[in-house]
Structures are given as structure tokens and as C-alpha cells.
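Listed below, chain by chain, are the residues.
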Amino acid sequence: MATTQRPPTNGTLPGRVPRSGPTSRPTSRVVFACSECGADHVKWAGRCSSCGDWNTLVEELHDPGAAPAPSTNRAGPTLIGAVGADAGDPISTSLPELDRVLGGGIVPGAVTLLGGEPGIGKSTLLLQLLAAWDGPTLYVSAEESAQQVRLRAERLGAVGERLWLHAETSLPHIVDAISTTSPELVVIDSIQTVSDPALGSLPGSVAQVRGCANRLVNIAKERGISVVLVGHVTKDGGLAGPRVLEHVVDTVLQFEGDKHHALRLLRAAKHRFGPTNELGLFEMAGAGLIGVPDPSTLFLADRRTGVPGSAVVPTMEGQRPIVVEVQALTTSGVPGVPSRRSALGLDGARLSMLMAVLARRVGLPMGDQDVYASTAGGVKLVEPGLDLGVCLAVVSALRNQPLPADLAVFGEVGLGGELRQVGHAARRLTEAARLGFKRVVVPANSPAVESGIRVLRASTLDEAVASVGLRTGGAGPPSSKIS
Ligand code: TYD
Ligand code: MG
């Protein structure tokens, strides 16, 4: 049987999409993007199906007809041996503490994300960096007016001759400003307040932050301009906005510190051009941030000797030895209420574990004691070398016996009550000797090092407690100070 084909009613061949008209381009649709991992979802859900985080899906406009991103590499693939290796030499900044964290300085074309709580000093640090830079630089202020930035720069003595200032939130204008001023280094303060009208969604949304950051990364790579993006942080200290932001940048720096103390710590959470374990230390003063080249002296400045519950530990932050005071206080707990373990600047779970080791392996009555332990100076430290210091400070507080004033200790404590060696013994001993300490208790297996300081070796926590003259076993009345 013959079939008849009906002619198309709109004058086009069947299956052909008209070349123009309203259906020629898919229209924008609403999607839900995860603010943590950036994954798209067609409908809202309480939990992201990609990363599993709760309450992270936010509504966004998605334009499926948008042109694909242009190529960022017109030359195509290159053999690895033919790639020049000298392009990535870091350029030293005027801030030695920043250089230390970045492994020498800022690499041309590198994109850095600087995160930190409001008021911690991000804008101050970056203004100081730009003003002292040798070549032309551009500070894009998307949060403060040009006048506010100028006033701050005057206070800081940072009115650099080649520092361009642009108070702007719109990305196309920022890109224009980069073209007209040809800077070597650009700061965007902050990426969350910059938006591109072409992206459609609201400023600060995941799509905006991601889109603007991608555009700036492309510009940095194409033109060899170093870019620093300032990022907001959430209440629990993580960088706000999509995680993808951390993936597209080369370096993620975190600026931390207690706002009530002058000390500020700069750490690299990610660094494509060097190690991430270095620590930079600054002090917030009247005229901006000042590097702290000798933190040990600063941390020990207010130390009172002859007080029970205090131990001095040469600890390591990256390649840097820092001598800190660990303090502890014990009080009798309330009967029937679980005893408290409170850690400030130390890891709380580790403190609980050490108290259990003291109870079981040294036989101290920790069960009915509330224990408070902290590092002096508001510095946050998580390093196993602190374990022995925490334990001896607690025993000293419990026994009301001070440790000798010229004694320092370091070592990791295992669950069996054994002392384990920790890295960089030589640097720790040398730093303790430099600060005038005469004796150091170390784990028995620590390598022998010539440092001019008397080394007392202990293989267990019990031995360490005895070697410094503290009494172990059952409770008793406080005894007199040891020499
Ligand atoms: P700021 O750089 O604005 O912080 P952020 O950009 O991270 O929000 O720092 C603001 C704080 O620093 C403010 O509380 C005042 C203090 N500050 C000083 O103590 N000394 C100074 O010279 C400057 C400029 C700021
Ligand atoms: Mg700021």
C-alpha cells in the first residue's frame, strides 16, 4: 500500500530546524548549583547528589546556548622537553614573610586566592604588597570607595607611584582597566562582589563567582599578569563560594589570627609552585602589617617562670622552629558530671587522648579532673611534637609543681605511653639553645645532635615525668618547687 507524505506546513524540510526565529537557540533555564562543589541539578534537593553536602543548592540561570569557551592555548600540544622551564621564577615581594609562604615570591601569571575573616587585614596586606611592587600594579576595590582606599593607603604609607586604583564591581570594566593600565600585578578585592552582567545571575551567586574567576584566570595566563583574588570565608573558616574557585587558582592562602591579638598567621592551603607547609607571621600595628622574623621571642615575652602548669616546647611550623609555651590548669570536677577537657590553640581530641594515656599509663587520677590547656599568644598549633609538653604541663598543674625554668620538651606520645621521635630534632634543639634553654627532654630514639644543650632522653611518658622531678602515681599534697 502506497503511503502519502504530508508536506511540511511551515515550509521547511521535515526534521530541519529553522535557521532563525524563537526556537533557533535554546532558551535560558533555571538550574540549581551546589555552592560547595559547583555541580548542576535540574531540581532543588536538600542534599547535593555530587558532594553530599546539605543545604548547598542555590537557584541559577543556566544558558545552554552560550558560546563554548574560547581556546586558551592556540599553539596546541607541546612536547614536555620543549617547554621552557624558566617562565615560572617567582618575583620577590617587599614582604619577606609573604615570600616565605609563597616559596620566594609571586610567579608571573599565577592566580592566588587570599581568604580570611572580615577585618583580619587582607586589604591592608595587599595594599602594602602593591605599593611596594617595582612595576605598575592595579588595585580593584569592589567593596570600598577610592577615597576610603586612598585614606588607608596614606595611613600605611602605601601611596605607591605606580599603583592604579579602580573602584569597580563590573567585570567588563575591570578587564578594560587591566588593558589600559597594563599592570604586572592585579588585586581584586573581593571576588564575591565582582559580577559580569553577561552571566545573568545575581552578584555573589555561584555562577557569577565562578564565571568571573574563570575570566580573570584566563586573562592572567594569557597576559602573564599575576592576580590576587580576595575571598570571603564562612563562619567555620572555609572559603565561601564554590569549591571550584579553589581548583581554578594556583595558590590558596589563608590569613588567620585572633582579632583581639595583634598576631596574624599566613598559611598556604594549596600552592602549585612550592611546599604548602610554611607559615608567615605578621603583627598588626598602627602603620599596617609588620613581619615577625623572630616569633619565639614574641611568644615567650610574657612568660612567667616558676608557675605550675607551664611547659616550653620547640615546635615546628613547616621548616620554621617556633618555641611556644603550653599552659594547663586542672581543677576537681563536679561529681557525677563527666570531666571537661578544654583546648585553646590545641587539638581537643588529642588533648582527650593524652589525658587517657596519663590516666592509664602513668596512673594519674585524671578521671575526676577538669583539664584546660592552651598555647600562649593565641597561636593555633597541631603538631605531634607538642604532646609531651601538654602532658608535662598537665602533670605540673595537677601536682602544683613548676617545671624548671631552663627546661624545654618535645616528643610525640603514643597510646602505649611510649615517646616517639618527631622530625627536625636539630632545628628544635638549636632554637631552644638560642633562646637560652639549658636542658631538653626528648624521646629516647631522637637522633644525636650537637647543639650545646643538655639532652635528657626518655623512652616513656612515665620516665619523662620522673626525669623532670614530677611525682607520679596517686594524688598527694602539693610539694615544693624543684630546682
Ligand atoms: P582590613 O585590611 O580592612 O581587613 P579585611 O580586608 O581582611 O577585612 O583590616 C582592617 C582592620 O585592621 C581594622 O580592624 C583596623 C586594623 N588596622 C590596623 O590596626 N592598623 C592599620 O594600619 C590598618 C590599615 C588597619
Ligand atoms: Mg577588605
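Residues numbered from 1 in each chain as written. Chains lettered and ligands numbered in written order. Predicted model: local features only at pLDDT ≥ 70, side-chain atom pairs only at ≥ 80, totals over all residues. Heavy atoms only, no water.

> Quick question: what am I supposed to make of the confidence of the model for the chain here?
Taken over all residues, the pLDDT of the chain has a mean of 85, while the share at 70 or more is 86%. Per-residue pLDDT, averaged within each element of the chain, yields its smallest value for strand β3 (residues 57-62) (73) and its largest for strand β18 (residues 412-413) (97). This stretch, residues 1-24, has a pLDDT under 50; its non-local contacts, to residues over four places away or in other chains, come to 6 contacts. Confidence over residues 475-483 falls short of pLDDT 50; this stretch has 22 contacts with residues more than four positions distant or in other chains. (pLDDT = per-residue confidence, 0-100. Helix = DSSP H or I, 4+ residues; strand = E, 2+ residues; numbered from the N terminus. Contact = heavy atoms within 4.5 Å.)

> What exactly am I supposed to notice about the sheet that holds strand β5 (residues 137-141) here?
Sheet strands associate in pairs through backbone hydrogen bonding, adopting either a parallel or an antiparallel arrangement. Read from one edge of the open sheet, 9 strands run β6-β5-β7-β8-β4-β9-β10-β11-β12, paired in mixed fashion. The open sheet has two free edges, formed respectively by β6 (163-167) and β12 (288-291), since each of these has just one partner strand. Going from strand to strand, the sheet's axes swing by 25° on average, the running direction of each strand aside. Here 5 bridges tie strand β10 (residues 263-271) to strand β11 (residues 279-285), and the two strands are oriented antiparallel to one another. Bridged to Leu-263 within β11 is Glu-283. (Pairing = 2+ DSSP bridges. Axes fitted to C-alpha atoms, helices over the stretch in contact; angles between N-to-C directions.)

> Help me understand the pairing of strand β15 (residues 341-344), please; the structure alone is not making it clear to me.
Two faces belong to every sheet, and in a regular strand the side chains alternate between them. Across 4 bridges, β15 lies against strand β16 (residues 369-375) in parallel orientation. Considered in β16, the bridge of Leu-344 is made with Ser-374. A crossover links β15 with its parallel partner β16, the connecting element being helix α8 (residues 348-361), and its sense is left-handed. (Right-handed = clockwise from strand over helix to strand, strands pointing away.)

> What exactly am I supposed to notice about helix α10 (residues 425-434) here?
Three- or four-residue spacings in an α-helix give side chains the same orientation, since the helix completes a turn every 3.6 residues. Where α10 is concerned, the buried positions are Ala-425, Arg-428, Leu-429, Glu-431 and Ala-432. Projection of α10 onto a plane perpendicular to its axis shows the buried side chains occupying an angular sector of 165°, all on one side. Buried residues along α10 sit in contact with α7 (295-300), β13 (310-317), β14 (320-332), β17 (407-409), β20 (439-443) and β21 (454-458). One or two positions beyond α10, positive phi appears at Gly-436, with a value near 95°. (Buried < 20%, exposed > 50% of the residue type's maximum accessible area, 1.4 Å probe, protein only. Arc of directions from axis to C-beta.)

> So what exactly am I meant to see when it comes to the site of ligand 1 here?
Looking at ligand 1, there are 16 residues lining it, with Gly-119, Lys-122, Ser-123, Thr-124 and Gly-288 nearest. Note that an oxygen atom of ligand 1 is positioned 2.9 Å from one of the side-chain N or O atoms of Arg-152. A distance of 2.9 Å separates a nitrogen atom of ligand 1 from a polar atom in the backbone of Ala-285. For ligand 1, whose accessible area on its own is 560 Å², the fraction buried by protein is 71%. Elements with a contribution of two residues or more to the shell around ligand 1: α2 (122-131), α3 (146-156) and β11. Grouping the constituent residues of the shell around ligand 1 by class yields 6 nonpolar, 6 polar and 4 charged. (Near = heavy atom within 4 Å. Polar contact = N/O pair within 3.5 Å; in protein donor to acceptor, adjacent residues only side chain to side chain. Areas by Shrake-Rupley, 256 points an atom, 1.4 Å probe, with all protein chains shown as cover. Nonpolar A, V, L, I, M, F, W, Y, C, P; charged D, E, K, R; others polar.)

> So what exactly am I meant to see when it comes to the nonpolar core here?
Nonpolar side chains tend toward joint burial in soluble globular proteins. Leu-358, Val-441 and Leu-461 are the most contacted members of the largest nonpolar core, which totals 60 residues. With 8 residues, the top contributor of residues to this core is helix α9 (residues 387-399). Here this core spans two domains, and each of domain 2 (92-292) and domain 3 (298-467) adds at least three residues to it. Not counting the four nearest positions on each side in its chain, Leu-358 is found in contact with Gly-363, Leu-364, Met-366, Cys-391, Val-394, Val-395 and Leu-461. Leu-126, Tyr-139, Ala-158 and Val-187 belong to the second-largest nonpolar core, a separate cluster that totals 29 residues. (Core = buried A, V, L, I, M, F, W, Y, C linked by side-chain atoms within 4.5 Å. Domains from an automatic or database assignment.)

> For this particular structure, what's the right way to read the pattern of salt bridges?
Pairing between side chains becomes possible if they bear opposite charge and their charged atoms approach one another. A full pass over the atoms with the stated rule returns 15 salt bridges. Notably, a salt bridge pairs Glu-144 with Arg-152, separated by 2.7 Å at the nearest N-O pair. Between Arg-420 and Glu-418 there is a salt bridge; the shortest N-O distance is 2.8 Å. Linked by salt bridges that have partners in common, Glu-97, Arg-100 and Arg-320 make up one network. (Salt bridge = Lys/Arg side-chain N within 4 Å of Asp/Glu carboxyl O.)

> Could you clarify how one ought to interpret the pairing of β12 in this entry?
Pairing between β11 and β12: 4 bridges, direction antiparallel. Bridge pairing links Phe-282 to Gly-291 in β12. The turn joining β11 and β12, which pair antiparallel and follow one another in sequence, is formed by 2 residues.

> Would you take a moment to explain the packing of aromatic side chains for this structure?
Each aromatic ring pair is specified by the distance between its two centres and by the angle formed by the two planes. Considering all chains together, one arrives at 1 aromatic pair under this definition. When the centroid spacing of 6.1 Å and the interplanar angle of 85° are considered together, the rings of Phe-255 and Phe-282 count as edge-to-face. Highlighted residues: Phe-255 in strand β9 (residues 251-256) and Phe-282 in strand β11, separated in sequence by 27 residues. As far as the burial class goes, Phe-255 and Phe-282 line up, both buried. Its guanidinium or amino end placed over the ring of Phe-410, Arg-428 lies 5.3 Å from that ring's centre, counting from NZ or CZ. (Phe/Tyr/Trp six-rings, centres within 6.5 Å; stacked < 30°, edge-to-face > 60°. Lys NZ or Arg CZ within 6 Å of the ring centre and 35° of its normal.)

> Please clarify how the packing of α8 against α9 should be interpreted in this entry.
Between two packed helices, the angle of one axis relative to the other and the distance separating the axes together describe the packing. Look at α8 against α9: their axes get within 10 Å of each other, and the N-to-C directions meet at 60°. As summarised for this structure, α8 and α9 are arranged oblique, according to the angle between their axes. The element α8 and its partner α9 pack so that their crossing is right-handed. Counting all contacts with α8, which are made through Arg-350, Leu-351, Leu-354, Met-355 and Leu-358, the residues of α9 involved are Asp-387, Val-390, Cys-391, Val-394 and Val-395. Residues of the contact of α8 with α9, tallied by class, amount to 8 nonpolar, no polar and 2 charged. (Parallel < 35°, antiparallel > 145°, perpendicular 65-115°, else oblique. Left-handed = near helix turned anticlockwise from the far one by under 90°.)

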